[in-house]
Amino acid sequence: ISTLMKVLNASGLFSSFSSEDCQIDSHVHLSGTLHQCRTRWFDHDDPSGHGDYEVLGDLLSIYPGEICPRPMAIEVQTVSGEPASITSQTFLNYDATHGFACVNADQVSGSCEDYRVRFTCPKEFCEVSAQCRTQRLNSDSPSEEGDVESIPQLLKTFPGQICGNPVSIEAVTTSGISAELTGETFLSYDVTFGFACINEHQRREQCEDYQVYCLDYIS
Ligand SMILES: [Ca+2]
Ligand SMILES: [Ca+2]
Ligand SMILES: [Ca+2]
C-alpha cells in the first residue's frame, strides 16, 4: 500500500500505474486525491429518440468496474463542457442514485443537449481501482451444478495470470454485466474461495456464465 500512496501523492492520477506482473485494464481511468475519487466523464447516450439518458444502472453495466455502485455525487455537463445547471433545460433525473435523464418532450426547444456525467465515489473505491487488475478469466461454464470460478482452479487454469496476493475479486457475465446487477444469488463471492453461482439457487434454475477479475495492490 505504501507504493500506492507514493504514486498517488506524486501524480494524483491512477491511470499512470504500470506493472510487469499484472495486466491493468486500460479502460479504467480514475482521478482524485486520497479523500475523493472522481470517475472520468461518461457519454453513453445522445439526445436522439426520447432524450439523453445517462442512467447509473446502464452505465454500471456498460462500464463494469469504472463506477462505484453507490456514488456520493454526480456532475453533469454538456459534451462541450457547459454545466447542466446553466443550460436552463429541465431534467427528469439528476442525482447520484438514478443518474441523469433529459427528456426531449420536456424542453422548450423540443430537444435536449447532449450531456455527459461523472461520479464521485468513496476513496476506498479509488484505492481498489488503483490495484492491479487481471484480464477476465473464465474457467467454468454454468452447465451441471453451476458456474464455479474458484481461486485454486483459476490459479491452475491460468498460471501466472492471477496476481500473487489477490485482495478482492470482481465477477461479470460474459456479456459484461456486473454480478451485483444480475439479481442472481451467489454461494461464494470472495477472495478466499473465489466465485460460485449454483444453478438450483436461482429463480430460473440457471446461472449466467461469469468471468472473474482478480485485484491486487501493485507492489
Ligand atoms: Ca437517446
Ligand atoms: Ca449524452
Ligand atoms: Ca464461467
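The name given to the chain in an unreviewed UniProt entry is WxxW domain-containing protein, with the source organism recorded as Mola mola. Per UniProt, the chain has the following entry under Subcellular location (unreviewed entry): "Secreted".

Engineer: How should the overall build of the chain be read in this particular structure?
Structural biologist: For the chain, the helix and strand inventory stands at four helices and 13 strands. Within the chain, the fraction of its 219 residues that count as buried is 32%. For the chain, contacts bridging at least 24 residues in sequence account for 68% of all contacts bridging at least 6.

Engineer: When you look at the pairing of strand S6 (residues 99–103) in this model, what are you seeing that I'm missing?
Structural biologist: Side chains on a regular strand alternate between the two faces of the sheet. Here strand S3 (residues 51–55) pairs with S6 via five bridges, running antiparallel. What sits directly across from glycine 51, in S6, is valine 103. Hairpin connection from strand S5 (residues 93–95) to S6: three residues lie between these consecutive antiparallel strands.

Engineer: Just checking my understanding: could you explain the sheet that holds strand S11 (residues 188–190) for this structure?
Structural biologist: By definition, the strands of a sheet pair up through backbone hydrogen bonds, in either a parallel or an antiparallel sense. Ordered in space as S9-S12-S11, the three strands form an open sheet in which the pairing is antiparallel. Two strands close off the open sheet at either side, each with one partner strand: strand S9 (146–150) and S11. On average, each strand axis in the sheet is inclined to that of its neighbour by 15 degrees, with strand direction left out of account. Where S11 lies against strand S12 (residues 194–198), three bridges are found, and the strand directions are antiparallel.

Engineer: Just to check I follow, could you spell out unusual backbone geometry for this structure?
Structural biologist: Negative phi characterises most residues that are not glycine, and trans characterises most peptide bonds. Residues other than glycine seldom take positive phi values, yet serine 88 does so here, at roughly 60 degrees. Relative to the elements of secondary structure, serine 88 occurs in the loop between strand S4 (73–78) and S5. Among the residues examined, serine 88 registers 9 C-beta atoms within 10 Å and is labelled exposed. The residue glutamate 205 is not glycine, and still its phi comes out positive at about 55 degrees.

Engineer: Got a minute to help me understand the nonpolar core in this structure?
Structural biologist: Generally speaking, soluble globular proteins have nonpolar side chains that are buried together. By size, the foremost hydrophobic cluster in this structure holds 19 residues, and its most contacted members are Val76, Phe100, Tyr115 and Val117. Breaking this core down by element, the ones donating at least two residues are helix H2 (56–62), S4, S6 and strand S7 (115–121). For this core, the element with the highest residue contribution is S7, accounting for four residues. By size, the runner-up hydrophobic cluster in this structure holds 17 residues, among which are Leu154, Phe195, Cys197 and Cys207.

Engineer: Looking at this structure, I do not really get the sheet that holds S3. What am I missing?
Structural biologist: An order of S3-S6-S5 is seen for the three strands of this open sheet, with the pairing classed as antiparallel. A single partner strand is all that each edge strand has here, and the edge strands are S3 and S5. Sheet twist, expressed as the average angle between the axes of neighbouring strands with direction ignored, equals 15 degrees. The sheet contact formed by S5 and S6 spans three bridges and is antiparallel. When the bridges of S6 are listed, aspartate 95 appears paired with glycine 99.

Rules used in this analysis
- Residues numbered from 1 in each chain as written.
- Chains lettered and ligands numbered in written order.
- Predicted model: local features only at pLDDT ≥ 70, side-chain atom pairs only at ≥ 80, totals over all residues.
- UniProt positions renumbered as here; feature names shortened; annotations may be inferred.
- Helix = DSSP H or I, 4+ residues; strand = E, 2+ residues; numbered from the N terminus.
- Buried ≥ 20, exposed ≤ 12 C-beta atoms within 10 Å, placed from the backbone.
- Contact = placed C-beta atoms within 7 Å.
- Pairing = 2+ DSSP bridges.
- Axes fitted to C-alpha atoms, helices over the stretch in contact; angles between N-to-C directions.
- Core = buried A, V, L, I, M, F, W, Y, C linked by C-beta atoms within 7 Å.

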